[in-house]
Structure formats: C-alpha cells, structure tokens
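What the coordinates show
Residue strings, one per chain:
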Number of protein chains: 2
Amino acid sequence: MTSIAKHTQIEQDLRTKIQDGTYPPQTLIPREVDLMATYQVSRPTVRQAIQTLVEQGLLEKRKRRGTMVKQAKIVQAFTQVIEGYDAEMADKGLQPQTKVLLFKTEPATAEVASKLQLSVTAVVYKLVRLRYANGQPVVLLTSYLPTDGLDLATVDFTTVSLYDTLTQQQAAVERVRRRLDVLKADETTADLLNVAVDEPLFYFHTQGLTAQGTPVEYSIAKYRGDLNYFMMDLQR
Amino acid sequence: MTSIAKHTQIEQDLRTKIQDGTYPPQTLIPREVDLMATYQVSRPTVRQAIQTLVEQGLLEKRKRRGTMVKQAKIVQAFTQVIEGYDAEMADKGLQPQTKVLLFKTEPATAEVASKLQLSVTAVVYKLVRLRYANGQPVVLLTSYLPTDGLDLATVDFTTVSLYDTLTQQQAAVERVRRRLDVLKADETTADLLNVAVDEPLFYFHTQGLTAQGTPVEYSIAKYRGDLNYFMMDLQR
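Before going into details, it helps to say that this report is about the structure given with it. Predicted, not measured: the structure shown is a model, and the values here were computed from it.

Another point: the overall build of chain A. When its secondary structure is counted, chain A shows seven helices and 10 strands. Computed over C-alpha atoms, the radius of gyration of chain A comes to 23 Å, more than 25% over the 18 Å expected from 2.2 N^0.38 for 236 residues, which places it beyond the range of a compact globule. Oriented by its inertia axes, the alpha-carbon framework of chain A measures out at about 75 × 40 × 30 Å. Across chain A, every contact between residues at least 6 apart in sequence was considered, and the portion connecting residues at least 24 apart equals 57%. Placing the 28 positive and 27 negative side-chain charges of chain A at their respective mean positions leaves the two points 8 Å apart.

Before going further, it helps to examine the interface of chain B and chain A. Contacts between chain B and chain A engage 40 residues on the former and 39 residues on the latter. Summing both partners gives a buried area of about 3600 Å² for chain B against chain A, and 56% of it is carried by carbon and sulfur. Applying the counting criterion to the chain B and chain A interface returns two salt bridges. Among the salt bridges present, the one from lysine 184 of chain B reaches glutamate 199 of chain A, with a minimum N-O distance of 2.8 Å.

Residue and element names in this part refer to chain A. Here lysine 115 is to be found in helix α5 (residues 110–115). Judged by relative accessible area, lysine 115 falls into the partly exposed class, the value being 33%. Apart from the residues within four sequence positions on either side, lysine 115 is in contact with Gln207, Pro215 and Tyr218.

Turning next to the nonpolar core. With 60 residues, the main nonpolar core has Leu166 of chain A together with Leu166 of chain B as its most contacted residues. Membership of the second largest hydrophobic core comes to 15 residues, among which are Tyr23, Leu35, Ile50 and Leu58 of chain B.

On to the relation of the copies chain B and chain A, then. In the superposition of chain B on chain A (RMSD 0.2 Å, axial shift 0.1 Å), the rotation amounts to 180 degrees. Each copy turns onto its partner about a two-fold axis. Distance from the rotation axis, computed per C-alpha, reaches its smallest value in chain B at proline 200 of chain B: 2.8 Å. An overlap of 98% is found between the interface residues of chain B and their copies at the interface of chain A, pointing to a shared contact surface.

Once that is clear, we can look at the pattern of salt bridges. Residue and element names in this part refer to chain A. Tallied over the entire structure, the rule returns 20 salt bridges over all chains. One salt bridge in this structure joins aspartate 13 and lysine 17, with 3.0 Å as the shortest N-O distance. Of this pair, aspartate 13 and lysine 17 are both found in helix α1 (residues 3–19), four residues apart, which corresponds to roughly one turn of the helix. Under the relative-accessibility criterion, aspartate 13 is labelled partly exposed at 28%. In the salt-bridge network here, residues are joined through shared partners; they are Glu32, Arg43 and Arg47.

Attention now moves to the pairing of strand β1 (residues 59–62) of chain B. Residues and elements named next belong to chain B. In this structure, β1 lies alongside strand β2 (residues 66–69), joined through four bridges in antiparallel fashion. The residue of β2 that forms the bridge with arginine 62 is glycine 66. Connecting β1 to the antiparallel partner β2 that follows it, the hairpin turn spans three residues, and arginine 64 within it adopts a positive phi of roughly 65 degrees.

Its location among the elements puts glutamine 207 of chain A in strand β8 (residues 200–209). Not counting residues up to four positions away in its chain, the partners in contact with glutamine 207 of chain A are Lys115, Arg175, Val176, Arg177, Pro215, Glu217 and Tyr218 of chain A.

The next subject is helix α3 (residues 43–55) of chain A. Residues and elements named next belong to chain A. Taking 1.5 Å per residue, 13 residues should reach 18 Å; α3 reaches 18 Å between its end C-alpha atoms and fits that length. Where α3 is concerned, the buried positions are Thr45, Val46, Ala49, Ile50, Thr52 and Leu53. Taken down its axis, α3 places every buried residue within 155 degrees of arc, on the same side. Residues Pro44 and Glu55 are exposed on α3 and point more than 90 degrees away from its buried face.

Moving on: the packing of aromatic side chains. For the structure shown, the criterion picks out 12 aromatic pairs over all chains. Arranged with centres 5.8 Å apart and planes meeting at 65 degrees, the rings of phenylalanine 103 of chain A and phenylalanine 157 of chain A form a pair that is edge-to-face. In this pair, phenylalanine 103 of chain A sits in strand β4 (residues 96–107) while phenylalanine 157 of chain A sits in the loop between β6 (136–146) and α6 (162–168), placing the two residues 54 residues apart along the sequence. A residue is classified by how much of its surface remains accessible, and phenylalanine 103 of chain A, at 28% relative accessible area, is partly exposed. Between the aromatic rings of phenylalanine 103 of chain B and tyrosine 125 of chain B, the centroid separation amounts to 5.6 Å while the plane-to-plane angle is 10 degrees, which identifies the pairing as stacked. On the criterion of sequence distance, the pair formed by phenylalanine 103 of chain B in strand β4 (residues 96–107) and tyrosine 125 of chain B in strand β5 (residues 123–133) is long-range, its members being 22 residues apart. The class of tyrosine 125 of chain B is buried, set by a relative accessible area of 7%. The rings of Phe202, Phe204, Tyr223 and Phe230 of chain A are connected pair by pair, giving a single aromatic cluster. Note that arginine 178 of chain B overlies the ring of phenylalanine 204 of chain B, its terminal NZ or CZ placed 5.5 Å from the centroid.

Residues and elements named next belong to chain A. The geometry of helix α2 (residues 32–39) relative to α3 is characterised by a closest axis approach of 9 Å and an angle of 105 degrees between their N-to-C directions. With respect to their mutual orientation, α2 and α3 come out roughly perpendicular. Contacts between α2 and α3 pair Glu32, Leu35 and Met36 from the former with Arg43, Val46, Arg47 and Ile50 from the latter. Classifying every residue of the contact of α2 with α3 by side-chain character gives four nonpolar, no polar and three charged.

About the thresholds
Residues numbered from 1 in each chain as written. Chains lettered and ligands numbered in written order. Predicted model: local features only at pLDDT ≥ 70, side-chain atom pairs only at ≥ 80, totals over all residues. Heavy atoms only, no water. Helix = DSSP H or I, 4+ residues; strand = E, 2+ residues; numbered from the N terminus. Rg over C-alpha atoms; globule rule 2.2 N^0.38 Å. Contact = heavy atoms within 4.5 Å. Lys, Arg positive; Asp, Glu negative; His and termini not counted. Charge placed at Lys NZ, Arg CZ, Asp CG, Glu CD. Buried area = accessible area lost by both parts, 1.4 Å probe. Salt bridge = Lys/Arg side-chain N within 4 Å of Asp/Glu carboxyl O. Buried < 20%, exposed > 50% of the residue type's maximum accessible area, 1.4 Å probe, protein only. Core = buried A, V, L, I, M, F, W, Y, C linked by side-chain atoms within 4.5 Å. Least-squares fit on C-alpha atoms with pLDDT ≥ 70 in both. Pairing = 2+ DSSP bridges. Expected span 1.5 Å × (residues − 1). Arc of directions from axis to C-beta. Phe/Tyr/Trp six-rings, centres within 6.5 Å; stacked < 30°, edge-to-face > 60°. Lys NZ or Arg CZ within 6 Å of the ring centre and 35° of its normal. Axes fitted to C-alpha atoms, helices over the stretch in contact; angles between N-to-C directions. Parallel < 35°, antiparallel > 145°, perpendicular 65-115°, else oblique. Nonpolar A, V, L, I, M, F, W, Y, C, P; charged D, E, K, R; others polar.

In structure tokens, the structure reads:
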C-alpha cells in the first residue's frame, strides 16, 4: 500500500465514522497520536487525512483542544421553499419546533405597506417566529400580513403553519418573489440564533402572492449561515 | 397637508433624486438644516423621511459627515445565471471587465476530482478571474476544468467567455448544480474584492454539466455581499 492510499483510506474511514455518528457533531475525534496507533501510520499521514476533511468542511481544528466534528449543515432546496417549514424539516429527518416570539397588530411601515400593496394607514399582523431543527435555532422569521380579510387572532402558530392557515382562509400563497442578501448578525439576532455577533446570515425578503397576484405575506427571514446552505439546479 | 404627508412627500422627492442621479452614490445629500429650508419643514419631519430611506437601504448615516447615498446593489437573477457574466452586466447597463489572476494546470484535489468525476491522478485547468462592474470588483471566481478534451491554453479569458469557449469545444454547459453558503472574507479575498476583512460574502460552488450530464466545470465564486443581491421567483 502506498502512502497516498493510506491517507485516503484513513480519510474515508474517518468520514464514515463522522457520517454514521461514531464521531458525533461538536465532539473531538481521537488525538493524532491515537490515530497513528490505530492505523499504524506516521503523523504526516494522519495529518494529511485530517487536512482533507477540514478542507471539505467535515472537521475543524480547535486551538489547544484538538480536531472537532463540525455540525452538518441543513440543505435548503430552492425548489422546495414554498413547502411549509415543518414538512421540509420532516423530509430531512430533522425534528422541527417553532417558538412564537411576538404576535400583534400594528400600523404598517412604508416598506410593509408597499410590499403588501396597502395604504400607509393600514394595520397589519406582525408575527415573529424562531424556528428550530433538532433543538437548534435555525431561522428567525418576521412575517407581516394584512388584517383585512384574515383572522389570525386565535391561531396558535407554535403548532399551526402560516401557509396552511392562509390556505384555509382562501388566501393560499401560490407564488413567492424572494430577494436574498447577506447580513452580519447584530446583538439581538445573534442572541436569538445562538451565534456570535457579526456572524454572516442569509437574509431573505419574501413577498407571497395568491393565484390572483394579491400579496398576502411579506416576510423577513434570517437563516444561520453556519447551519444552512441552499441548493439550486438551473437549466440553460 | 398633514405632517405624515409632508415626510412622505420629502421621502419620495429624495428617492427620485437618488434614482435619477441628482444625488449620486457615495456622495452626501444636503444637510438636515438645508433640507428643512428647501422643504420648509421641521427637523423631525426631515429626519423621518431620511430614516425611512435608511431603512430601505438607499441612504446611510455617516458619523460626523452626514447622510450618504448608498451604492446600489446589482440584482443577480437566479433564472439568468447560466448567461455569461458580460451579457448579464450589459443587460443591466453596467460596464463589465475581467482580470485573469491565474491560469495554469495542476493536479486535481480530492474535491475537484470528485466534482469533475476524474481520477485522483488527473490534471485540471485552474482559472482564477476577478470580475468587475463599472470599475468595482464584484466577484472572485475560481474555475476548474478537465484538461482531457479541452484546449484552453491559447484562450484570452480577459476578453473571451469561458462558457462560449466550452460551447465552441463541444462541451457546452447546459445545466448547473449550485450550492450557496455565506462566508466571511479572509484577508486575501478582502484585498481582491476591496472589502473589509470578515465582511459577509455569497459563496457559490457550481458544477456545470453538458447535455449528456458530464461535468465540465467546477467553480467557486465569492460575490461581494454589499454589491450584490439575488432575486428568485418560485411557484408552488
């Protein structure tokens, strides 16, 4: 067996143990000296295997502590984003949970009135939710909805989906127009999402439209950058 | 005219002047005291109009300097990403420019070999380009391509599009599979893109496939977060 084959073999064995949970996320893998003994190889061979997994985002070096298994990210498919959050998470085998941080009516800001095509004197529902997957906060979501034609006052959004509710009230979202920016977490957002201040976030602004083209939802979502990535397939 | 109507009117007038170039990007708008005189209103009314435009991302407060017009971001439509960069920028009325930072052949890394479905001993082209719009760096793009079946050695990628070249060499990209993460700019990337270290970037990994499903391109793109945003329309 050549030296190249050895480090590749170790790399593959470590990857298998990360993926099958032998080495769970946020825990340290064995020390270099232990891996050298286990695989009967030299330190450079172990280091090369680890370095490849670090470059591939599976492992992370921690100063003075060792090498840690990184938290796997959640794939968010752009083609599925109109599906409800709970359904999406369940598809991925993750346990969803929603906390309602705020639910009230308030006068629309100029931005919200414009996106919902309401007059500047309109009153809107404001719903702020923090959504979890397997106990970790994933996305902070602020949704604005017209009060005219909707009755959301008695809905428990901890357990009920906003999109299901809109469908029941003859205001199903059939099309969304979404803008994506990046954003640094401010102190409040960082606290809620359990990340450090200034960590990069995905920052979505979404206008949800009915089949008739009437806007019924304007949402602002902040997704943790360390826990999510988005996949898209495009044809020429 | 009520006070609400006044600040909305000032807000609309300022927005028009930003959009028609009366107040160009990166310049200061008149001082509050001058706007008070121009519009014959009180300071709180001027401040309310400015605050709305700050929230909408058109203006930015600068300490001790005044209120600056923000650089407008470039809309990147997800539906158009297979179009070449120059064509996309021209559509938007922006002057494109490309600098080739590196072009060479090198042994494929494990990641590149896997994405291009090559053996680990394969040699690939590596092309690093920095792309500009109206003189500002917008995206840093590293592309890997198979050397087998492609002859890129004589192509001047300063003026010629990679996708046009692939089409000419019977390896047209017809479908892309793209992953989007967020990333903090490291020192080198920050220098090249002319942003501060740790500024958030869009971070794309793209696999380009021919009509037959053969991967012919693997690219890593870092888009400035302050200069770009992405729009997408989704149907249920």
